[in-house]
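Inside the fold
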Amino acid sequence: MAAFLSAGCAGMPASGGPAAGAAPSQPAEFTYPKFDGLKKRLAVIRFENKVKTPIPDASWKIGEGLTEMLTSELFKTGRFVMVERAALSDIVKEQELGQTGLVRKETAAKVGELLGAQLLIAGAVTEFESKSSGGGGGVGYAGFSLKLQIENAHVGVDVRLVDSSTGQILSSFNADAKAQSTGIGFGANISGVAFGSDAFQKTPLGQAAREAMYKAVMFILKEMEAVPWTGRVVQVKDGQVYVNAGTNVNLKPGARLAAYVKGEDLVDPGTGLNLGSKDTLVGAVTVTQVQDKFSIGAFAGEGTLKRGDLLKFQ
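A brief report on the enclosed structure follows. It should be emphasised that the depicted structure is a prediction, and the values quoted were computed from it without experimental measurement. (Residues numbered from 1 in each chain as written. Predicted model: local features only at pLDDT ≥ 70, side-chain atom pairs only at ≥ 80, totals over all residues. Heavy atoms only, no water.)

Take unusual backbone geometry next. Even without being glycine, D238 reaches a positive phi, approximately 55°. Structurally, the position occupied by D238 is in the loop between β7 (230-237) and β8 (240-243). Of note, N250 is a non-glycine position whose phi angle comes to about 75°, a positive value. (Helix = DSSP H or I, 4+ residues; strand = E, 2+ residues; numbered from the N terminus.)

Below, the structure is given as structure tokens:
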């Protein structure tokens with residue numbers, strides 16, 4: 001019987017994750033081009049779960065799980081400094097965002113300021129489904145009836161890029177992916193498999209989730225190309241300007257940063273929303289010394305810089 005199953009499975013095409021009775025396939029590794037520019041700071045807010053179909057395993061927290069997957073993939077690109085999940089969770093809880101997974105415009109600006117993130121990544125899981133079905137011709141052996149089992153998976157996530165200073169949605173994208181596995185067996189059962197584990201990654205659902213996250217990452221990479229790197233003045237002391245970035249973001253001596261005096265926040269009198277501020281270009285800071293998480297530079301321009309003023313890479 002075992003030999004018969006082995007021979008039958010060997011002839012089945014492999015796509016996506018495994019079905020019971022088929023050798024598990026390894027999930028594809030996504031790669032990203034090398035990057036040595038300045039890393040931008042991002043925060044990924046926990047995705048809201050809007051899935052209406054039953055989840056294969058009730059213990060899965062798919063909103064949190066896919067948030068972690070996206071955060072990990074963004075980190076792998078080497079282009080971003082990701083806000084630590086512990087720090088993000090504490091701040092989000094304080095701002096009462098954790099209950100819905102959404103970024104409220106009224107509090108996004110304060111959250112962005114506390115996190116130091118240039119953009120917030122928010123979104124919702126809209127599709128998360130795995131179905132098994134029998135198809136093709138069955139085979140019989142010693143009274144057992146085995147049929148082709150097809151495992152189809154579908155994952156969809158709506159991703160939004162949010163301005164951390166105003167809470168306005170800058171762009172959005174639906175990251176959608178499907179995967180399928182075919183083999184001889186009694187059907188795949190992923191109940192009890194830990195979300196995000198190696199076993200989960202090898203299933204069609206796991207592979208569809210990873211592909212959806214990859215598409216989301218590629219969308220974010222493209223959108224972030226147009227966003228200039230931004231830092232802040234920590235303090236000005238003895239004629240030197242201290243910057244809140246160092247080797248951790250690939251900042252190097254000699255880098256020239258445009259210096260802006262931050263203007264007063266413009267608040268809509270009707271909605272109370274932050275509309276942004278009118279910032280004034282006053283000169284430039286040339287980086288002279290670089291430490292791990294901060295740098296020191298010399299300012300040339302008009303006026304005096306102060307803590308919180310903006311620095312943009314030219």
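For the rest of this paragraph, the subject is the pairing of strand β13 (residues 295-301). Regular strands have side chains that alternate between both faces of the sheet. Pairing between β8 and β13: four bridges, direction antiparallel. Bridged to V243 within β13 is S295. Alignment of strand β12 (residues 280-290) against β13, held across seven bridges, turns out to be antiparallel. The partner of T286 across the bridge, within β13, is A298. Between β12 and β13, which follow one another and run antiparallel, lie four residues. (Pairing = 2+ DSSP bridges.)

Scanning the model with the defined rule gives eight aromatic pairs in all. Considering the side-chain rings of W60 and F128, the 6.1 Å spacing of their centres and the 85° angle between planes classify their relative orientation as edge-to-face. With W60 in the loop between β2 (48-49) and α2 (62-76) and F128 in strand β4 (residues 119-141), the pair connects residues that are 68 residues apart, well separated along the chain. Pair check on accessibility: W60 and F128 agree, each one buried. Arranged with centres 5.6 Å apart and planes meeting at 70°, the rings of W60 and F195 form a pair that is edge-to-face. Taken together, the positions of W60 in the loop between β2 and α2 and F195 in the loop between β6 (169-185) and α5 (198-201) put the pair 135 residues apart, joining distant regions of the chain. Take W60: its relative accessible area is 5%, and that puts it in the buried class. The class of F195 is buried, set by a relative accessible area of 19%. (Phe/Tyr/Trp six-rings, centres within 6.5 Å; stacked < 30°, edge-to-face > 60°. Buried < 20%, exposed > 50% of the residue type's maximum accessible area, 1.4 Å probe, protein only.)

Moving on, we get to the environment of F299. By the element assignment, F299 lies in strand β13. On the basis of relative accessible area, F299 is assigned to the partly exposed category, the value being 22%. Once the C-alpha coordinates of F299 and A284 are considered, the two residues, 15 residues apart in sequence, prove to be 5.8 Å apart. Discounting residues that sit within four places of it in the chain, F299 has contacts with V241, A259, V282, G283, A284, V285 and L305. (Contact = heavy atoms within 4.5 Å.)

With that settled, consider the sheet that holds strand β14 (residues 310-313). Spatial ordering of the closed barrel is given by β7-β8-β13-β12-β9-β14, a layout of six strands whose pairing is antiparallel. When strand polarity is set aside, the average angle formed by the axes of neighbouring strands in this sheet is 40°. In terms of strand pairing, strand β9 (residues 256-261) meets β12 through six bridges, oriented antiparallel. In the sheet register, V261 faces β12, and the bridge partner there is T280. (Axes fitted to C-alpha atoms, helices over the stretch in contact; angles between N-to-C directions.)

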